[in-house]
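# Tertiary structure, described
If you want the building blocks of each chain, they are given just below.
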Amino acid sequence: MCGIVGYIGDKQATPILLENLKKLEYRGYDSSGLAVYDRDRIEVRKAEGRIARLEEMLKGDEPGGSAGIGHTRWATHGRPSDINAHPHADCSGEFVVVHNGIIENYLELKEWLESRGHTFKSETDTEVLPHLVEEFYRGGPGDSEGDDPVNDGELEAAVREAIGRAQGSFAIAVMSQREPDRIVVARKNSPLIVGLGDGENFLASDIPALLAWTNRVIVLDDGEMAVLTRDGVRVSTFDGEPVAKDVLDVKWGPGLIEKGGYEHFMLKEIHEEPRAIRDTLAGRINGRTGEVSLEDFELDDDYLRRLKKIAIVACGTAYHAGLVGKKVIERLARIPVEVELASEFRYSDPMVGPDVLTIVISQSGETADTLAGLREARARGSRVLAITNVVGSSVAREADDVIHTWAGPEIAVASTKAYVAQLVSLYLFGIYLGRRAGALKPEDSKRLVEEIRQLPQHVDMLFGRHEERVRDFAREFARCEDVFFIGRGLDYAVSMEGSLKLKEVSYIRAEAYAAGELKHGTLALIVQGVPVFALTTQLDVYEKMLSNIKEVKARDATVIALAFEGDETIGKLVDYVIHIPKVDPLLTPVLSVVPLQLFAYYAAVARGCDVDKPRNLAKSVTVE
Ligand code: M6R
């Protein structure tokens, strides 16, 4: 949550900070602000609302210097307001801080600082940080107050002392009027990336915000801090040990984070799904033999013999991908799989150990609960495999093994192409494991691999045949208060994702049910005209689904079925049918989710919602 940016060089900082903040707006967007060293003082501007409001405020009043920091906020402590927006400053206004994360012991620190004469303006936890830096810059506790000589040149040391007192998670950037030639940053459990330029350096919470300026980045690790000047970046541990960091050369072009002619990122990213599938498959399958290889990931015979169970841990959409993964792995490898929400897993005294493989799934690789789940599993001796979209993310770095999804940067808060790439990765993993465990015959593997390779064309075909129709349905049902999604087996897992997507972006109450459960309570909610999406691609339970559809039709629901091409029966029972290409039922989630994503998108547009930045949400949930 929250996005941090920084710039130090010889250009005007304000426009660069604003441009980069806009690229991070998906991380939080209830207020924003910046601080720029202009001549001999630090100028702070901040405003509640979207970055556009800050921009408006800056017209004719832009700070003019060439070093600054900025922030876009997703409120945790203190409601969204001008005062609670970052940057925050100490009493003198000489030290400014932007912060992503939560300072858990801020009340205790605030009390202590107040006892030493500091006064506070905001309701935030962050505000203790500039006061702490000021306190330690001026000598800190133990010295007689007020009459210490100022420790010029010690900003880095003051920040080091301040973060030593702070508990919780943080990525921070600090500037001081006394040392305007530097920005000091530190990271603990919240991402922070340094971008390297020529005679200029940058800072951001996420790589995409830097791509317009540089492809050379340093990913700070937990427990590291850095001092950025125009001419260089020096990294050290919180204890002051110098660290030699690798410089990564990021291959993404800036075009990947532009809308490319689409009205919203969400629609663009849905349309990028065929490419996300191709890129995730690239180099991993052998079409001739049907074998799958996953870069550096190998399970040796000894480990396989000991492997009793797989635990999948994730949040939100990634959790829904995990639900599909469970069925895929169990079917292909005959190894039991449990799927748990990361926020539950971490506090559940989980039964994982050396005989359990834990798979964490995360688009961003920074989700706090998922990361905590990963650490919990590792602490219990479980090997952890991460499926993530972000190279160098915390999850990728802390896991034992990684399967990268190659969906490219996902900017819309609603996850779409990343979900599809996660599914494809889980198919690859399932086939690999099935073959290694001897549960999947070579000819079955080959047939599945051949079908998986066709998925991008099928998705393209779905856009061509159904996008307009789905848009019309969405317009028709946009004013409905409730929408239901029903299915069995894998169709139920996809229903959950369809329902999350709809509620998240259109704010329509949407619920997913295992179709067989309707009569145990939910049927009471089915009344005349209520739209029900019924997924019918799981052929082993097809007849059962028809009965469930009849149950809702008997209550006069309006049923939109998703069925295989060639299914002539379904059209006689329901109001509308969306046909998807006939594939192995194991693979249908990749196809059936597409109309549901489009429906959510067009319903949100029809309702005038801010599709890419839904209310109260943020892209990367780096707080608990
Ligand atoms: O980055 P992650 O995949 O770990 O994020 C997990 C969830 O926060 C995320 O999938 C969320 O549910 C999406 N907004 C759903 O569209």
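These notes cover the structure that comes with them. Because the structure is a prediction, the values reported are computed rather than measured. (Residues numbered from 1 in each chain as written. Predicted model: local features only at pLDDT ≥ 70, side-chain atom pairs only at ≥ 80, totals over all residues. Heavy atoms only, no water.)

### Structural notes on the site of the ligand
Inclusion rule: It suffices for a single heavy atom of a residue to lie within 4 Å of a molecule or strand for the residue to be listed as near it. Think of a polar contact as two N or O atoms within 3.5 Å of one another; within protein, one of them needs to be a possible hydrogen donor and the other a possible acceptor, and neighboring residues in sequence only count if both atoms come from side chains. Exposure was quantified through the Shrake-Rupley algorithm and a 1.4 Å probe, taking into account, for residues, occlusion by the shown protein chains and nothing else. Where helices and strands are cited, they refer to DSSP runs of H or I of at least four residues and of E of at least two residues respectively, numbered from the N terminus.
Around the ligand, 13 residues are found, and the nearest of them are Ser362, Gln363, Ser364, Thr367 and Glu504. Here serine 364 contributes a side-chain N or O atom positioned 2.6 Å from an oxygen atom of the ligand. Between the ligand and the protein, one listed contact pairs a nitrogen atom with a backbone N or O atom of valine 413 at 3.0 Å. Coverage of the ligand by the protein chains reaches 91% of its 420 Å² of free accessible surface. Broken down by element, the residue count for the shell around the ligand peaks at three residues, all from helix H9 (residues 316-333).

### Re unusual backbone geometry
Cis geometry is adopted by the peptide bond preceding proline 87, which originates at histidine 86 and carries an omega value of 0 degrees. Residue position: proline 87 is located in the loop between strand S4 (67-73) and strand S5 (88-89). A positive phi angle, close to 55 degrees, is found at arginine 334, a residue other than glycine. Relative to the assigned elements, arginine 334 resides in the loop between H9 and strand S16 (337-341). A positive phi angle, close to 65 degrees, is found at tyrosine 507, a residue other than glycine. Structurally, the position occupied by tyrosine 507 is in the loop between helix H15 (490-506) and strand S21 (509-514).

### Focus: the pairing of strand S1 (residues 3-8)
For a regular strand, the rule is simple: side chains alternate between the two faces of the sheet. Put simply, the test is: For the exposure calls, accessible area comes from a 1.4 Å probe over protein chains only, and a residue counts as buried if that area is under 20% of its type's maximum, exposed if over 50%, partly exposed in between. Any two strands with at least two DSSP-identified bridges between them are counted as paired.
Of all six residues in S1, six are buried, a share of seventy percent or more. Alternating positions in S1 separate into two faces, Gly3, Val5 and Tyr7 on one and Ile4, Gly6 and Ile8 on the other, with burial throughout. Pairing analysis gives four bridges linking S1 to strand S10 (residues 201-204), with the strands arranged antiparallel. Pairing of valine 5 across the sheet is with alanine 204, part of S10.

### Regarding the pattern of salt bridges
The line we're drawing: Salt bridges are identified by distance alone: a Lys or Arg side-chain nitrogen within 4 Å of an Asp or Glu carboxyl oxygen.
Within the structure shown, the criterion is met by 48 salt bridges. Here glutamate 135 and arginine 116 are joined by a salt bridge, their closest N and O atoms 2.4 Å apart. On the criterion of sequence distance, the pair formed by glutamate 135 in helix H4 (residues 128-137) and arginine 116 in the loop between helix H3 (106-115) and H4 is long-range, its members being 19 residues apart. A relative accessible area of 7% means that glutamate 135 is categorised as buried. Among the residues examined, arginine 116 registers a relative accessible area of 17% and is labelled buried. The partner of aspartate 221 in a salt bridge is arginine 397, with the nearest N and O atoms 1.9 Å apart. Here arginine 397 lies in helix H12 (residues 394-398) and aspartate 221 lies in the loop between strand S11 (216-219) and strand S12 (224-228), a separation of 176 residues in the sequence.

### Topic: the side chain of glutamate 410
Note the following rule: Any two residues having at least one pair of non-hydrogen atoms within 4.5 Å are treated as being in contact.
In this fold, glutamate 410 is placed in the loop between strand S19 (401-404) and helix H13 (417-437). Within the structure, glutamate 410 has its side chain in polar contact with the side chain of serine 415 (distance 3.0 Å). If we ignore the near neighbours within four places in the chain, the residues touching glutamate 410 are Glu269, Gln363, Ser415, Thr416, Lys417, Ala418 and Lys619.

### Side note on the sheet that holds strand S7 (residues 168-176)
To keep it simple, the criterion reads: A fitted line through C-alpha atoms serves as each axis, taken over the contacting stretch for helices, and the angle formed by two N-to-C directions is quoted from 0 to 180°.
With antiparallel pairing, six strands are arranged side by side in an open sheet as S5-S6-S7-S8-S12-S13. Only two strands of the sheet have a single neighbouring strand rather than two, namely S5 and strand S13 (233-237). Two strands pair when backbone bridges link them, and S5 and strand S6 (residues 95-103) are joined in this way by two bridges, in the antiparallel orientation. Counterpart to histidine 88 in the pairing with S6 is valine 97. Against the sheet, H4 makes contact with S5, S6 and S7, and its axis sits at roughly 125 degrees relative to S6, the strand it touches most. Strands in contact with helix H5 (residues 155-165) are S6, S7, strand S8 (183-188), S12 and S13; relative to S7, the strand with the most contacts, it is inclined by about 160 degrees.

### Some details on the environment of lysine 22
Along the polypeptide, lysine 22 turns up in helix H1 (residues 13-23). With a relative accessible area of 40%, lysine 22 lands in the partly exposed category. For the pair lysine 22 and histidine 458, spaced 436 residues apart in sequence, the C-alpha separation works out to 34 Å.

### Details of the state of the cysteines
Cut-off, in case you're wondering: What counts as a disulfide here is a pair of cysteine sulfur atoms lying within 2.5 Å.
Overall, the coordinates contain zero disulfides when judged by the stated rule. Unpaired in terms of disulfides, cysteine 315 finds its nearest cysteine sulfur in cysteine 2, a separation of 17 Å. Residue classification places cysteine 315 among the partly exposed positions, given a relative accessible area of 25%. Left without a disulfide partner, cysteine 609 is nearest to the cysteine sulfur of cysteine 480, which lies 14 Å away. Take cysteine 609: its relative accessible area is 13%, and that puts it in the buried class.

### As for helix H14 (residues 442-477)
As a reminder of what qualifies: In this scheme, a helix's expected span is set at 1.5 Å multiplied by one less than its residue total. Note that the bend at a residue is defined as the angle between axes fitted to the seven residues ending at it and the seven residues starting at it.
Between the first and last C-alpha of H14 there are merely 46 Å, a value that for 36 residues lags more than 12% behind the 52 Å anticipated at 1.5 Å per step. The axis of H14 is deflected most strongly, by about 55 degrees, at histidine 466.

### Describing the packing of aromatic side chains
Inclusion rule: We call Phe, Tyr and Trp rings a pair once their centres come within 6.5 Å, taking the six-membered ring for Trp, and we label the pair stacked below 30 degrees between planes, edge-to-face above 60, and tilted otherwise.
Overall, the coordinates contain 13 aromatic pairs when judged by the stated rule. Measuring from ring centre to ring centre gives 5.7 Å for phenylalanine 202 and tryptophan 213, while their planes differ by 20 degrees; the resulting arrangement is stacked. In this pair, phenylalanine 202 is assigned in strand S10 and tryptophan 213 in the loop between S10 and S11, connecting sequence segments 11 residues apart. A relative accessible area of 0% means that phenylalanine 202 is categorised as buried. Note on tryptophan 213: relative accessible area 27%, which makes it partly exposed. Ring geometry for phenylalanine 477 versus tyrosine 576: centroids 6.4 Å apart, planes at 80 degrees, classification edge-to-face. One end of the pair, phenylalanine 477, is in helix H14; the other, tyrosine 576, is in strand S24 (residues 576-580), and 99 residues separate them in sequence. Given a relative accessible area of 4%, phenylalanine 477 falls into the buried group.

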